[in-house]
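# Coordinate analysis (summary)
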Amino acid sequence: MSKKEPKITARRRTKISPWFEVIEREVEFAAGEAPQRYHAVGQNDYVAIVAFTPSGQIPIVRQYRPAVEAFTWELPAGLVDDGEEPAECCRRELLEETGYPARAVHALGTAYPCTGRLSNRVHSFFIETGERTKTFEPEAGLTVRLVSPPELDGLIKSGEFTSQTHLGALLLATLRSFVKF
């Protein structure tokens, strides 16, 4: 190998569902050494949304997450559809999950949620919302709650708000002076 970085010698993708696939890679770290096998979950990029309503509250959602076998409090979020821009996805997801339309969208940053096992990125946004649509009905199994920054701080400290990706979005919003706890 002429380069110092590892070489991918094989890549296989196994589609599991419409939402994710398993990616198997064989990686050769040095010329002549046997490749090592690694697995990752492949899925579309993801958006995490920190939003402020006109009254200064943050919409959060509660839903059952089979992966952790528990209900969780989270920010509005979702997977980016094929061909969809992350900023448009965050507008769509916020409206679908909370009934709040986006008035202004501010990109907070893009990062990898887990470099060891996930191949996608998370795009974090801060949104200034308009008033909730009058016809909004939450999705089945979804509860929407409006909280103040101090109330959200309490949920984080109590362990009720635990999504690391969403904590990262809140940190970015705080570092960029959109949220103050």
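Calculation rules
Residues numbered from 1 in each chain as written. Predicted model: local features only at pLDDT ≥ 70, side-chain atom pairs only at ≥ 80, totals over all residues. Heavy atoms only, no water. Salt bridge = Lys/Arg side-chain N within 4 Å of Asp/Glu carboxyl O. Helix = DSSP H or I, 4+ residues; strand = E, 2+ residues; numbered from the N terminus. Pairing = 2+ DSSP bridges. Buried < 20%, exposed > 50% of the residue type's maximum accessible area, 1.4 Å probe, protein only.

### Considerations on the pattern of salt bridges
Counted by the stated rule, this structure contains 14 salt bridges. Across the pair Glu26 and Arg12 runs a salt bridge, and its minimum N-O distance is 2.8 Å. Residue Glu26 is found in strand β2 (residues 21–28), and its partner Arg12 is found in strand β1 (residues 7–15); the two are separated by 14 residues along the sequence. Among the ionic pairs, Arg103 bridges to Glu128, the shortest N-O distance being 3.7 Å. Note that Arg103 is positioned in strand β8 (residues 102–111) and Glu128 in strand β9 (residues 122–129), a separation of 25 residues in sequence. Because the salt bridges share partners, they merge into one network encompassing Asp81, Glu84, Arg92, Glu93 and Glu96.

### As for the pairing of strand β5 (residues 58–65)
In the sheet, β5 pairs with strand β10 (residues 143–147) via five bridges, with the strands oriented antiparallel. Bridge pairing in β10 links Arg62 to Thr143. By the bridge criterion, five bridges tie β5 to strand β6 (residues 70–74) in an arrangement that is antiparallel. The residue of β6 that forms the bridge with Tyr64 is Phe71. Counted along the chain from β5 to the antiparallel partner β6, the turn is four residues long, and its residue Glu69 has a positive phi close to 55 degrees.

### A short note on the pairing of β9
With seven of its eight residues buried, β9 lies for the most part within the structure. By the bridge criterion, seven bridges tie strand β4 (residues 46–52) to β9 in an arrangement that is parallel. Bridged to Ala51 within β9 is Ile127. Examined bridge by bridge, β8 and β9 share eight bridges and lie antiparallel to one another. Along β9, the bridge assignment pairs Val105 with Ile127.

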